[in-house]
Each structure stands twice: as structure tokens, then as C-alpha cells.
Amino acid sequence: MVSRVIPVDPFDLVIFGGTGDLARRKILPGLYRRYCSGQMEDNSRIIGAARSEHETAEFRQMIADAIAEFDPKSGSPEQLEGFLERLEYVQVDALGEAGWKELAALMGENRVRAFYFSVAPSLFGALAERLHAHGIADSETRIVVEKPFGKDLASAKALNAALAEHFDESQIYRIDHYLGKETVQNLMAVRFGNMLFEPLWNSQYIDHIQITVAETVGVDGRGEYYDRSGAMRDMVQNHLMQLLCLTAMEPPAKFDPDAVRDEKLKVIRALNAVPLEDVVRGQYLADGKKPGYLEHAGDPDSKTESFIALRVEVSNWRWAGTPFYMRTGKRLRARSSEIAVVFKETPHSIFGEEAGRHRNVLTIRLQPNEGMDLFVTIKEPGPGGMRLVDVPLDMTFAEALGPEAEDVPDAYERLIMDVIRGNQTLFMRGDEVEAAWAWADPLIASWENRGDKPVPYETGSTGPEEALAMMHREGRRWRDIRA
Ligand code: NAD
């Protein structure tokens, strides 16, 4: 198959926080892979900007070490050399005047200018202001901002307002890396590129939808930070919400940024006010070797959840009567994220009681092994009558698409290239983020006002028993969590 890598226009990408964990682990190794694939023109540059003092040579070495650690398999020594030559470093203080003149002097002309704010959100406003004051940003400039985008509606509004003082919404790229995943986009292709699924994509044929993001890690090392947030703020309000939106949204008229984001916004606005009976919050227990959540949080009375399961309704014509169950947690049985669309059972079995009633399930796996499966019911092979069995149809199509299908860019790589191309489709708009907080805030307030304490769950389990019971109550069950 002919290479589908289309080079992007020459760019200067400034990474504020270029020496930080995210830049070293994700952003720069991702850019390196894009460089190796031939997507970056040779005159594009990446400028690390951070508070600490470094020579460009030191920064290059730091990034060479990061690539060796986090992506040792990509590229050749010559490619690494070529990539490192694209890197520059400037010491800049977001809150002071140091370094801004030097940064301004470095910027090239006639090229895309993008600024990645890979720093704490408390610095977003100051960065936007100084970029403007020093004449570094113009109406074509793009800025990329990382999560967390606020901790509630008021703080999200304040961040949006601070950015809007100097940048138009069309220049702001709010990253949710879940949207950059190949299979998440494939969900849209499958829904809107086929005749097969969309007519069935409603409460008449779909029994319920499950969205799971399970992690095996705890909050080790960042317990105090996490304890101010919790699973609802850290995962549900943003990542799981985005997955829900793409699953539930109406077909946009075209695949363009505002058409897609308008439809996602309508879904968020249609979400019900979730009653507390439809929420289970948990905290992982110590397992003998590793401490439990309360020890990690450093507060034996912490009421912050490391696990949450909730039943949500999308109150519109398409989804009335089809619940969406979402769950996410730490220290669970396996690292596994998926959306499962569980269809209704066949209304009647012509094969008799013994054959049972069966249902189709479409699973969209985000990790591990990104891909899709459609479970269909077939006859179990062999003699002995009509026994039915549910088998997965692998919809990953790696064989049909050839080896290149396996060499897909990871989420960060794809999203950064979208920034350079000026395509906002896979980024959250300001009003979407605010609507998501407007939905989450009253729910969080309702358990905080009651002083609810999360229930404990075993490390390596699928979460608290109460989350299982929430499903059983309605005659349903969670899918297994496995790698
Ligand atoms: P970090 O603490 O490792 O790095 C912070 C960076 O910001 C450093 O380069 C530091 O020099 C720079 N910095 C701090 N104060 C500055 C100032 N006044 N002026 C200029 N630069 C300054 O943080 P991180 O883990 O890389 O995270 C960066 C942002 O990305 C945070 O908002 C975080 O919430 C978000 N994020 C991180 C991850 C992750 O996996 N690390 C994942 C998602 C989102």
C-alpha cells in the first residue's frame, strides 16, 4: 500500500513545560515518531521553553535520553540526530519577564506557530497574556492546553475567559487524548460510514451501553494531588464524557469541527441529573504489599473516590430507555478501556428454550490492543443439534489494510499534527467543557453535601460489590475487565 503520510506545513512549535514529565514521556517522543515517518518538513522546529536553565545542547540530550527511555524502538541513529537538530531551548518564566524577548527573537516567519501549554493550568492565563504582550502571537497562532481544564464550572469558565482575552476560540485546542485514539475515530467511521449500524443505533435495538476505563495503577506518588480531584473530575467529566458523546451523538451534517462538536454538546445537555442511588464510589484497599488509597492520599478521612460507577440517561428521542453505564477506577483487575454497545435480545428463540436467547455486542477497545469486535450468534460447529454460541467478528481488519494499519500514530502524535493542520474536530470546545462541568458539579455537590464516604474495594478486583449490585438491580451485568 502506498504511504499515506502527508507532510504538514513547516511549523514552530513551542512547548511550555518542555522539560516536564508529559513533554518528555509523550509529546517529544510522539513528535519524534512523526519526524521519522516523514510528516515533518526539515525546516520545522520544536522549541522547549521552561523555567529551568539549560543550554540547547543539554535540552537535546535530555530529549535523546527521554526517547531512549520511552520509545527506544523508533527510528535510526541518523533520524535521531536529524530530529534533535530541530530542537531549541529557551528559559522562560511564565510569571515574569525572563526569556520572552529571546523567545520572540527565535520565532520564524511564514510558518505555522503553535504553543503547547504543558504546564499547570494556573499558568495558562499568564502565558496567553505574555504571548500577546510580546507580539509573539497573531490571529493565526494556535495554542494547545492540557487537562485538567478546571475543577468545576466556575474555574473552567475563568480559564476560558483568560484564554479568550487574547485568543479566538478557533485558535484554542483543548486536548483530550482519548479523542486521538484510532478506534475512537473508527467508532465514527463505523457509525456514519455504513448503512448497517445507524438504523439500529437507538433505544429500540440497543439495551444499554457500558463505558469502562480500568487502570491497574494506584495514585502512588501523586496521592495528595489526586485527592483534590477524584475519579469523577479526573476521568468522567472529560474522558468518559467524550466517549459517551461520540457514542450517543446524532450524525453531524458533515465531518467538520463545529458540526461534530455541536452534536456532542447536545448530548451533554441532554444528560439527566443523576440521582445518588445511581452512583457508586470506591477507594482501593491495601493488598499486603501495596498501601491503600487512604495511605496514598495521606488523609485517613479522605472522601475522594479512586473508583466510580454511574448510570446515566441521555434524555432524548433516540436514547430514552437505554441507560449508559460508566465506570472507571484505579488498582482494578486489568488495564482495559472499552465501549460496549449491548443490543437487545432476540424477541423469540425459534431454536427452543435450550438454545437460549442471544444478543449482539459491539465492543470498541481503546486499550490494550485497540480494535473492534462484533459478537454475533452462530451455530456451534459439529453434530448434536442446534446449539448456539456467541463469537467475535474481529473488525480491526489489520490483514485487509496491510502492515501500515499497525503503524498508526498514537493519540498525542495525531492530535499535535491536527493542531499544525488547523483541524479542531478532535479537540474540546469551550462550551462543551463548561456543559460537562455544569452536569458534573451538582452531582459532586450532592455527595459532598451528604458527606458520603466511598466504599472500599479490593486491589485487583472489578471494583466495589455495590457497583455489581447496581447493574444486577436492573437484570444486567458488567462485562468482565480483562487485558
Ligand atoms: P511537570 O511538573 O513534570 O512539568 C512542569 C513544567 O512546567 C516544567 O517544564 C517546568 O519547568 C514548567 N514550569 C513550571 N513553572 C513555570 C513557569 N513559571 N514558567 C515556565 N515554565 C514553568 O508537569 P507535567 O506532568 O509535565 O504536566 C504538565 C501539565 O500537563 C499539567 O497541567 C498536568 O496536569 C498536565 N498533564 C500531565 C500528564 C502527565 O502524564 N504528566 C497527563 C495529562 C495532563
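Residues numbered from 1 in each chain as written. Predicted model: local features only at pLDDT ≥ 70, side-chain atom pairs only at ≥ 80, totals over all residues. Heavy atoms only, no water.

- In the nomenclature of an unreviewed UniProt entry, the protein corresponds to Glucose-6-phosphate 1-dehydrogenase from the organism Pseudooceanicola antarcticus.
- On record in UniProt, under Sequence similarities (unreviewed entry), the comment for the protein is "Belongs to the glucose-6-phosphate dehydrogenase family."
- In UniProt, the protein has this text filed under Function (unreviewed entry): "Catalyzes the oxidation of glucose 6-phosphate to 6-phosphogluconolactone." (UniProt positions renumbered as here; feature names shortened; annotations may be inferred.)

## So, the packing of aromatic side chains
1) Next: In this structure the tally under the stated criterion is 14 aromatic pairs.
2) Next: A ring pair is formed by F59 and Y89, whose centres lie 5.2 Å apart and whose planes are at 40 degrees; its orientation type is tilted. One end of the pair, F59, is in helix α2 (residues 56-70); the other, Y89, is in strand β3 (residues 87-91), and 30 residues separate them in sequence. For the pair F59 and Y89, a shared accessibility class is recorded, and that class is buried.
3) Next: Summarising the aromatic geometry, the rings of F117 and F124 are spaced 5.9 Å apart at their centres and angled 50 degrees between planes, so their arrangement reads as tilted. Pair check on accessibility: F117 and F124 agree, each one buried. (Phe/Tyr/Trp six-rings, centres within 6.5 Å; stacked < 30°, edge-to-face > 60°. Helix = DSSP H or I, 4+ residues; strand = E, 2+ residues; numbered from the N terminus. Buried < 20%, exposed > 50% of the residue type's maximum accessible area, 1.4 Å probe, protein only.)

## Describing the domain arrangement of the protein
The accessible area lost on association of the parts is a frequent measure of interface size.
1) Next: Taken domain by domain, the protein consists of domain 1 (11-146) and domain 2 (179-472).
2) Next: The centre of domain 1, based on its C-alpha atoms, is set 33 Å off from the matching centre of domain 2.
3) Next: On the domain 2 side, the residues contacting the 16 residues of domain 1 number 10 residues.
4) Next: Surface buried jointly by domain 1 and domain 2 totals about 1200 Å² across both partners, of which 67% is contributed by carbon and sulfur atoms.
5) Next: When residues of domain 1 are sorted by the area they lose upon contact with domain 2, K26, R34 and R142 head the list and together hold 35% of the total.
6) Next: Inspection of the domain 1/domain 2 interface yields 3 salt bridges.
7) Next: A salt bridge links E413 to R33, with the nearest nitrogen and oxygen atoms 2.6 Å apart.
8) Next: Elements with a contribution of two residues or more to the side of domain 1 that touches domain 2: β1 (11-16), α1 (21-37), β4 (112-117) and β5 (142-145).
9) Next: With 7 residues, α1 is the largest single contributor of residues to the side of domain 1 that touches domain 2.
10) Next: For the side of domain 1 that touches domain 2, the residue count by class is 9 nonpolar, 2 polar and 5 charged. (Domains from an automatic or database assignment. Contact = heavy atoms within 4.5 Å. Buried area = accessible area lost by both parts, 1.4 Å probe. Salt bridge = Lys/Arg side-chain N within 4 Å of Asp/Glu carboxyl O. Nonpolar A, V, L, I, M, F, W, Y, C, P; charged D, E, K, R; others polar.)

## Focus on unusual backbone geometry
Note on backbone geometry: most residues besides glycine have negative phi, and most peptide bonds are trans.
1) Next: A cis amide bond, omega 0 degrees, links K147 with the succeeding residue P148.
2) Next: Tracing the backbone through its elements, the reader meets P148 in the loop between β5 and α6 (153-164).
3) Next: In this structure, the amide linkage connecting Q367 to the following residue, P368, adopts the cis form with an omega of -10 degrees.
4) Next: On the secondary structure map, P368 appears in the loop between β12 (361-367) and β13 (371-379).
5) Next: The phi angle at N110 is positive, at roughly 55 degrees, despite the residue not being glycine.
6) Next: Relative to the assigned elements, N110 resides in the loop between α4 (100-106) and β4.
7) Next: Positive phi outside glycine occurs at R331, with the angle close to 55 degrees.
8) Next: One can find R331 in the loop between β10 (324-329) and β11 (336-343).

## Section: the sheet that holds β10
1) Next: On the basis of which strands lie adjacent, the open sheet formed by 9 strands has the order β14-β13-β12-β11-β7-β10-β9-β8-β15 and mixed pairing. Strands with a single pairing partner mark the edges of an open sheet, and in this sheet they are β14 (388-394) and β15 (455-457). Going across the sheet, the axis of each strand differs from the next one's by a mean of 20 degrees, ignoring polarity.
2) Next: For strand β9 (residues 307-312) and β10, the ladder comprises 6 bridges, and the chain directions are antiparallel. Bridge assignment links L310 to a residue of β10, and that residue is M326.
3) Next: Its contacts with the sheet put helix α14 (residues 430-450) on β8 (279-284), β9 and β10, and the angle it makes with β9 is roughly 120 degrees. (Pairing = 2+ DSSP bridges. Axes fitted to C-alpha atoms, helices over the stretch in contact; angles between N-to-C directions.)

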